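Overview (structure and organization)
Chain residues, written in single-letter form:
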Amino acid sequence: MSRLVLPLLLSLSSPAWAMEFPAPVTDADYRATDPAQVEMGRLLFWDGVLSGNRNISCGTCHHPSFGTGDGLSLGMGEGGRGLGPDRAVDPANPPEERIPRNAPALWNLGASEFTVLFHDGRIERTEDGLRTPMGPEMVEGFDTLLSAQTMFPVLSADEMAGHYSENDVARAVRQGLITGEDGAWEVLAARVRAIPEYATLWERAFPGDDRLDFTDISDAIAAFVEHEWRSDTSPFDAWLRGEGDLPVEALQGVELFYGAAGCAACHAGPFQTDHGFHAMGQPQLGPGKRARFETHARDDGRFRVTGEEGDRFAFRTPSLRNVTETGPWGHAGAYSDLRAFLRDHAAPRAALGRYRRDATLPEMEAEDWTVMEDAEQVAALAAAVRGPDRVLTEAEVSNLMAFLESLRDEAALAGRLGIPETVPSGLRVDR
């Protein structure tokens, strides 16, 4: 990847220096989007018609008020009421368990460099096409990796599908019927086809198609996400382009991030991610990731995809765009305080031993701390970490925080199109 070398301002207390920075982001870094697909996708993104019980939209767990996340350590889809940190268990229909990983932010997913998605990278674009755990026949017809990603939340009982016998989508999923005329995707597509406004939007967005199907729905939602949450107009972007200044404290944070603290070894490139997988000793909470026949509560991360022992407890490096708004932080949202996260992330082995429960979790009957209460499992997390612990001073943490604040993009956080007042189904919009 091309890079641009820029000198730091001489006003720093340290001597003049220069180092390698990412090149400024340009239009060429992104895929083009079709305005008609974006228009259709915007309404679908906010429409609960795509959930089994018609009560949850994509925007419920990926809301701009929470940095395109949900403000929770571990989300609560089906079985929850309310929005963000105020979301609570619906006593009339409680969830079976928490969603096992933190809801990822949606920034810049239209950039061509994003070739793996989810915390474990289980969906990936390769030279041979799209790869998912569901096999090659399950990715036919999806235009992009992001489009294919939408197949998962609508099939998850605890995210959007609902639980067995509650609705036609959940029943299809439990019977293993995903594709085909009786499959869950067709059930959802039929719902959308039956709404005249969506039929009209589809004709404009997909001219020449013979039938509105689930892949069209996915392609439209992906186009909207790519358009709505492009973020490259932060103060740091302006500084890279030579069009603005950063405060001295933020510049000192830049020096640390791209220099002595070594953050850019993983948080590299224009979006501060190498898209790689690293074991960083993050505390684990919640139900973990496991097959139905397993009883443990740990999350093995990338290992579940590759089977390679070196990938155990490794998770994808997240982009840091608007990171001050995307908390709680960590693959399981173990930290609700970003300063504490930075301090512990730099010295993870020591941090695991002193971690205090800093999660944001709706109250429910759940065994959330099984892993962290097991000394052997905590030791295994620490043993998987590579590289030395680096103890940050409070001044260094403040400088890094100032740099991360410079990645905050006010225009992107507001959204380009915003939340619609209504959706074609007539269902409630999470505002």
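A count of helices and strands for the chain gives 16 helices and nine strands. What you see for the chain is a C-alpha radius of gyration of 22 Å, in line with the 22 Å of a compact globule of 431 residues. Along the first, second and third principal axes, the C-alpha set of the chain runs to 65 × 50 × 40 Å. Relative to its full complement of 431 residues, the chain shows a buried share of 57%. Within the chain, residue pairs in contact and separated by at least 24 positions form 66% of the contacts whose partners lie at least 6 positions apart. Put simply, the chain shows about 18,400 Å² of open surface, and 51% of that area lies on carbon and sulfur atoms. Computed over 40 positive and 68 negative side-chain charges, the inter-centroid distance for the chain is 3 Å.

For the rest of this paragraph, the subject is empty space enclosed by the protein. Overall, the coordinates contain two cavities of 30 Å³ or more when judged by the stated rule. The space that makes up the largest cavity amounts to roughly 40 Å³. Every residue lining the largest cavity is listed: Met280, Gly281, Gln282, Pro283, Tyr335, Asp344, His345, Pro348, Ala351 and Leu352. Broken down by secondary-structure element, the contributors of at least two residues to the lining of the largest cavity are α12 (338-346) and α13 (348-354). It is α13 that contributes the most residues to the lining of the largest cavity, three residues altogether.

Turning our eyes to something else, we now look at the packing of α12 against helix α15 (residues 394-405). For the pair α12 and α15, the least separation of the axes is 10 Å and the interaxial angle reads 120°. Read as a crossing pair, α12 and α15 show a hand that is right-handed. From α12, Leu338, Arg339, Leu342 and Arg343 reach across to α15, where they touch Glu394, Val397, Ser398, Leu400, Met401 and Leu404.

Right, let's talk about the packing of aromatic side chains for a bit. In this structure the tally under the stated criterion is 21 aromatic pairs. Measuring from ring centre to ring centre gives 5.2 Å for Phe21 and Tyr258, while their planes differ by 70°; the resulting arrangement is edge-to-face. With Phe21 in strand β2 (residues 18-22) and Tyr258 in the loop between α10 (248-257) and β8 (277-279), this pair connects stretches of sequence that are 237 residues apart. Assessed through its relative accessible area of 0%, Phe21 is described here as buried. On the numbers, 5.7 Å between centres and 85° between planes, the contact of Phe142 with Trp185 is edge-to-face. Residue Phe142 is found in the loop between β7 (129-131) and α3 (145-149), and its partner Trp185 is found in helix α6 (residues 184-193); the two are separated by 43 residues along the sequence.

Moving on, we get to the pairing of strand β6 (residues 123-126). In this structure, strand β5 (residues 116-117) lies alongside β6, joined through two bridges in antiparallel fashion. From the neighbouring strand, Val116 faces β6, where its bridge partner is Glu124. Where β6 lies against β7, three bridges are found, and the strand directions are antiparallel. Among the inter-strand pairings, Glu124 is bridged to a residue of β7, identified as Arg131. Linking two consecutive strands that pair antiparallel, namely β6 and β7, is a turn of two residues.

Note that His275 resides in the loop between α10 and β8. The spatial distance from the C-alpha of His275 to the C-alpha of Phe315 is 9.6 Å, given a sequence separation of 40 residues.

Attention now goes to the sheet that holds β5. Sheets are built from strands that pair by backbone hydrogen bonding, the pairs being arranged parallel or antiparallel. With respect to topology, three strands assemble into an open sheet ordered β5-β6-β7, the strand pairing being antiparallel. The sheet is open, and its two edges are formed by β5 and β7, each paired on a single side.

Residue placement: Glu186 occurs in helix α6. Apart from residues no more than four positions distant in its own chain, Glu186 is found in contact with Gly180, Glu181, Arg193 and Arg211.

This part is about the confidence of the model for the chain. Residues at a pLDDT of 70 or more form 94% of the chain, whose mean pLDDT is 93. Predicted confidence for residues 1-18 stays below pLDDT 50, and this span has 42 contacts to residues more than four positions away or in other chains.

Rules and cut-offs
- Residues numbered from 1 in each chain as written.
- Predicted model: local features only at pLDDT ≥ 70, side-chain atom pairs only at ≥ 80, totals over all residues.
- Heavy atoms only, no water.
- Helix = DSSP H or I, 4+ residues; strand = E, 2+ residues; numbered from the N terminus.
- Rg over C-alpha atoms; globule rule 2.2 N^0.38 Å.
- Buried < 20%, exposed > 50% of the residue type's maximum accessible area, 1.4 Å probe, protein only.
- Contact = heavy atoms within 4.5 Å.
- Areas by Shrake-Rupley, 256 points an atom, 1.4 Å probe, with all protein chains shown as cover.
- Lys, Arg positive; Asp, Glu negative; His and termini not counted.
- Charge placed at Lys NZ, Arg CZ, Asp CG, Glu CD.
- 1 Å grid on protein atoms, 1.4 Å probe; cavity = no way out; pocket = protein on both sides within 12 Å on 5 of 7 lines; lining within 4 Å.
- Points joined across faces, edges and corners; volume = space filled by probe spheres on them.
- Axes fitted to C-alpha atoms, helices over the stretch in contact; angles between N-to-C directions.
- Left-handed = near helix turned anticlockwise from the far one by under 90°.
- Phe/Tyr/Trp six-rings, centres within 6.5 Å; stacked < 30°, edge-to-face > 60°.
- Pairing = 2+ DSSP bridges.
- pLDDT = per-residue confidence, 0-100.

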